[in-house]
Amino acid sequence: MKKILVLNSGSSSLKFQLFLDEESVASGLVEQIGEKISNAQLKFADKKIEKKEELKNHEEALKIVSLMLKEAGFLNEFSELNAVGHRVVHGGEDFIKATKIDNSNIEKLESISSLAPLHNPANIAGIKTILNLAPNVINVAVFDTAFHQTMPEYAYRYAIADEFYTKDSIRRYGFHGTSHEYVSQKAAEFLGVKQLNAISAHLGNGASISAIKDGKCVDTSMGLTPLEGLIMGTRCGDIDGGALFFMARKHNLSIDELDKICNKKSGMLALCGANDMRDIEDNMQKGDEKSKLAFEMFCYRITKYIGSYLAVTPASALIFTAGIGENDNLVREKVCENLSHLGFEIDKEKNNIRSKEIRNIATSNSKYAILVIPTNEELSIAKQTMAFC
Ligand code: ADP
């Protein structure tokens, strides 16, 4: 039996899951790393272990994780693991698939950190810590961008001067790749096809949509950064670059201020004061016009992307996944209603059933399958990591 730890290291937090082969047996998180009091938590079966103490850095945080896993009886030390699978946000153009990371290529990985300065350094800190604490354990980086590396150049290039691409690597990369790949493989199994043609909509707090042709990504809505594309919880998604120049000049905003506005203070939050779809729908029920408009805009943007991706793929299925995609029947209904003239027909009864199972919620008359597929990025990372053991 293989013991795989899946790690998602953020700048001040760390999420983890322990897998015994493909079974997740424990999960937890450490928060407020670097602050006076950090919180660590491990959940397994119906039990919970909690610790509160000062954890200065990722190394101290991981030592607590190791201690909690020991207390729970899973392992005595990290060296008993077969491998650690690390979620790494950006792989640039060099890392096009899950990759074993060791002293021979960690510098190459570090060299692309400038593309994701808020995320990659923290992800790499997790890798370095494991290399340090348990040198015998295999480290595998699984990249959010990797699945999208099959996009053709005409889809991933921006229409700006060549050197911005050749020297600065500015192009569309796309994110949520582990999720888009996982649900598209599940969809292929479910539909019994070898080569899937589909559109996958990962709708969570962050949201993106991908066009999949013969099982490979041919376009996706996020770009150089996760800001582009759909309207999200706190990100604006597509916006005229000129509007940003206008805002900056009008309000004398710095680049950092503009960055914060677009990434943290826009999207659904800016439109209606809430970024959780459950709150937004409660407010719609109470008659709040701003929430109704925000909901309409959210679904309209998704509809437009689906329309444009239908133009570039012979898709026969639409996949909904992530927090909103899996749970929000109103969003699914609205998007499919918007697309009804193209032959999408949702079965409202099936759509309203809550389930953790993969399901097709289209009517038998629908031209397209409409699938709800729970994503599982951790399991996908664990499986890709296991392939190296
Ligand atoms: P992320 O991983 O990007 O934080 P998730 O995939 O966990 O996002 O999705 C989070 C979002 O899912 C929440 O902001 C909420 O809007 C939405 N969500 C979760 N459960 C429900 C539900 N039952 N109904 C509607 N929306 C839901």
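In the block above lies the structure referred to throughout.
Residues numbered from 1 in each chain as written. Predicted model: local features only at pLDDT ≥ 70, side-chain atom pairs only at ≥ 80, totals over all residues. Heavy atoms only, no water.

1. Structural notes on the overall build of the protein chain
Regarding its fold elements, the protein chain presents 15 helices and 14 strands. For a compact globule of 389 residues, the expected C-alpha radius of gyration is about 21 Å, and the protein chain comes in at 21 Å, within 12% of that figure. Once the C-alpha set of the protein chain is aligned to its principal axes, its extents read approximately 60 × 50 × 45 Å. In the protein chain, which comprises 389 residues, the share counted as buried stands at 51%. For the protein chain, the share of sequence-separated contacts (at least 6 apart) that also reach a separation of at least 24 residues comes to 62%. (Helix = DSSP H or I, 4+ residues; strand = E, 2+ residues; numbered from the N terminus. Rg over C-alpha atoms; globule rule 2.2 N^0.38 Å. Buried < 20%, exposed > 50% of the residue type's maximum accessible area, 1.4 Å probe, protein only. Contact = heavy atoms within 4.5 Å.)

2. So, the packing of helix α11 (residues 289-312) against helix α13 (residues 329-338)
Between α11 and α13, whose axes approach to 9 Å, the crossing angle comes to 50°. In terms of axis orientation, α11 runs oblique to α13. Helix-helix and strand crossings are classified by hand; for α11 and α13 the assignment is right-handed. Contact residues: α11 offers F295, E296, F298, C299, Y300, I302, T303 and I306, while α13 offers L330, V331, K334, V335 and N338. Its residues assigned to classes, the contact of α11 with α13 comprises 9 nonpolar, 2 polar and 2 charged. (Axes fitted to C-alpha atoms, helices over the stretch in contact; angles between N-to-C directions. Parallel < 35°, antiparallel > 145°, perpendicular 65-115°, else oblique. Left-handed = near helix turned anticlockwise from the far one by under 90°. Nonpolar A, V, L, I, M, F, W, Y, C, P; charged D, E, K, R; others polar.)

3. Let's talk about the site of the ligand
Taken together, 13 residues are adjacent to the ligand, and N205, G206, M277, G323 and R354 come closest. R278 places a polar side-chain atom, nitrogen or oxygen, 3.4 Å from a nitrogen atom of the ligand. At a separation of 2.9 Å, an oxygen atom of the ligand approaches a polar backbone atom of G323. About the coverage of the ligand: the protein hides 68% of its 580 Å² of free accessible area. Elements with a contribution of two residues or more to the shell around the ligand: α10 (277-285) and α12 (322-327). The greatest single-element share of the shell around the ligand, amounting to 4 residues, is contributed by α12. The residue inventory of the shell around the ligand, partitioned by class, reads 3 nonpolar, 6 polar and 4 charged. (Near = heavy atom within 4 Å. Polar contact = N/O pair within 3.5 Å; in protein donor to acceptor, adjacent residues only side chain to side chain. Areas by Shrake-Rupley, 256 points an atom, 1.4 Å probe, with all protein chains shown as cover.)

4. With respect to unusual backbone geometry
Positive phi, close to 55°, is recorded for Q32, a residue that is not glycine. With respect to the secondary-structure elements, Q32 resides in the loop between β3 (23-31) and β4 (38-44). Of note, H176 is a non-glycine position whose phi angle comes to about 60°, a positive value. The exposure class of H176 is buried, given its relative accessible area of 11%.

5. Details of the pattern of salt bridges
The final tally for this structure, using the stated rule, is 15 salt bridges. R157 is paired through a salt bridge with E153; the nearest N and O atoms lie 2.7 Å apart. If you follow the salt bridges from partner to partner, you end up with E153, R157 and D162 in one network. (Salt bridge = Lys/Arg side-chain N within 4 Å of Asp/Glu carboxyl O.)

6. Focus: the pairing of strand β8 (residues 138-143)
Summarising burial for β8: 6 of the 6 residues are buried, a large majority. In the sheet, strand β6 (residues 83-88) pairs with β8 via 6 bridges, with the strands oriented parallel. What sits directly across from A83, in β8, is I138. (Pairing = 2+ DSSP bridges.)

7. Comments concerning the nonpolar core
Formed by 44 residues in total, the largest nonpolar core has its most connected members in L203, I209, F298, I302, I306 and V331. Residue assignment for this core shows that the elements contributing at least two residues are β9 (198-203), β10 (207-213), α9 (267-272), α10, α11, β12 (317-321), α13 and β14 (369-372). Sorting elements by how many residues they give to this core places α11 first, with 9 residues. When near neighbours in sequence (up to four residues on either side) are disregarded, F298 contacts I231, M268, M277, I324 and V331. Formed by 30 residues, the second largest nonpolar core is a distinct cluster that contains I33, A40, L75 and L81. (Core = buried A, V, L, I, M, F, W, Y, C linked by side-chain atoms within 4.5 Å.)

8. What about the sheet that holds β6?
Spatially, β5-β4-β3-β2-β1-β6-β8-β7 is the arrangement adopted by the 8 strands of the open sheet, whose pairing is mixed. Edge positions in the sheet fall to β5 (47-53) and β7 (99-100), since each of these pairs with one other strand and no more.

9. A short note on the sheet that holds strand β13 (residues 359-360)
Taken in spatial order, the 6 strands make up an open sheet running β11-β10-β9-β12-β14-β13, and their pairing is mixed. This sheet does not close on itself; its edge strands, each paired only once, are β11 (216-220) and β13. Pairing analysis gives 5 bridges linking β9 to β12, with the strands arranged parallel. Residue S200 lies in a different strand from β12, and its bridge partner there is I319. Against the sheet, helix α6 (residues 177-191) engages β9, β10, β12, β13 and β14, with an angle of about 130° to β12. Strands in contact with α11 are β9, β10, β11 and β12; relative to β10, the strand with the most contacts, it is inclined by about 15°.

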